Amino acid sequence: MSKKTRKKSPKTPARRPARAPSTASTERKHQTKHAKSGRATTVKSSKSAVSEASHKAPSKRLRPSKSAGAAPSNAAAKAPAFRLPRDGGNTVSLADYVGKKLVLFFYPRADTPGCTKEAIDFSRLRSAFAEIQTEVLGISADPLKVQESFRDKHQLSVPLISDCQHEMLEAYGAWGEKSLYGRTFQGIIRTTVLIGADGRIVKVWRNVRVDGHAEAVLEEARAA
């Protein structure tokens, strides 16, 4: 073949094989990716925790009761002395009942459903209490006129004491902090105290449930 007719075959450049990424580079990429993922997860978790905490109701700490005096709570404690006006215009005192057992039932407010039922129950059982030489007195912070209207409306036979200054209520631990619908306030805690013939506390009932309560006090007085 002559030089004129000889054609030069085009040279195809040799392809270089693709280089696989180095192991070190791959690891660095994975570490960076995981680090970012970890930071994102941490931030997300922190945000979730903050969000959850912000929706959580704050815990409510109640203040301790502000009842004054050494309220009797144990048997054999000496009953605090008192002298207060009662319905009808007279006054009554602890000294009037020396040698007799005495039931004091403290109620929040005259002529309300629970207080009315409690006063009616003790009036109904007054003769049964008298048979075991036990007197019964009802006490609230209502004025005398309110107590007398309460007595007349429901034909109550137990004497009703008016303690507007809360002196007796506090002395017997029947005045303190109460809670209603998330609101705290100072008021009368429904309480009953049984005093023995020796002038000492036999038993104290706190936060009384009215149903069957007068009967339970009668049985306790019989056993005292």
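Residues numbered from 1 in each chain as written. Predicted model: local features only at pLDDT ≥ 70, side-chain atom pairs only at ≥ 80, totals over all residues. Heavy atoms only, no water.

## Comments concerning the pairing of strand β8 (residues 191-195)
Among the five residues that make up β8, five are buried, leaving the element largely enclosed by the rest of the structure. Examined bridge by bridge, strand β3 (residues 101-106) and β8 share five bridges and lie antiparallel to one another. In the strand pairing of β8, V103 is matched with L194. Where β8 lies against strand β9 (residues 201-206), five bridges are found, and the strand directions are antiparallel. Bridged to V193 within β9 is V204. Hairpin connection between β8 and β9: a loop of five residues separates the two successive antiparallel strands, and G199 in this loop has a positive phi of roughly 80°. (Buried < 20%, exposed > 50% of the residue type's maximum accessible area, 1.4 Å probe, protein only. Helix = DSSP H or I, 4+ residues; strand = E, 2+ residues; numbered from the N terminus. Pairing = 2+ DSSP bridges.)

## Some words on the packing of aromatic side chains
Taken as a whole and judged by the stated rule, the model has six aromatic pairs. Ring centres of F82 and Y172 lie 6.4 Å apart, and the angle between their planes is 70°; this geometry places the pair in the edge-to-face category. Remark: Y172 occurs in the loop between α5 (167-171) and β6 (175-180) and F82 occurs in the loop between α1 (23-54) and β1 (83-85); sequence separation between them is 90 residues. The same class applies to F82 and to Y172, which are both buried. When the ring of Y107 is compared with that of F150, the centres are 5.9 Å apart and the planes differ by 50°; the resulting orientation is tilted. You can see Y107 sitting in the loop between β3 and α2 (113-124) and its partner F150 sitting in helix α4 (residues 144-154), a full 43 residues away along the chain. Considered together, Y107 and F150 belong to a single accessibility category, that of buried residues. (Phe/Tyr/Trp six-rings, centres within 6.5 Å; stacked < 30°, edge-to-face > 60°.)

## Some details on the confidence of the model for the protein
Put simply, the protein has an average pLDDT of 79, and 67% of its residues get 70 or more. For the stretch residues 1-10, pLDDT sits under 50, and the model shows one contact to residues farther than four places along the chain or on other chains. Confidence drops under a pLDDT of 50 for residues 34-70, and excluding neighbours within four residues, the segment shows 16 contacts in the predicted structure. (pLDDT = per-residue confidence, 0-100. Contact = heavy atoms within 4.5 Å.)

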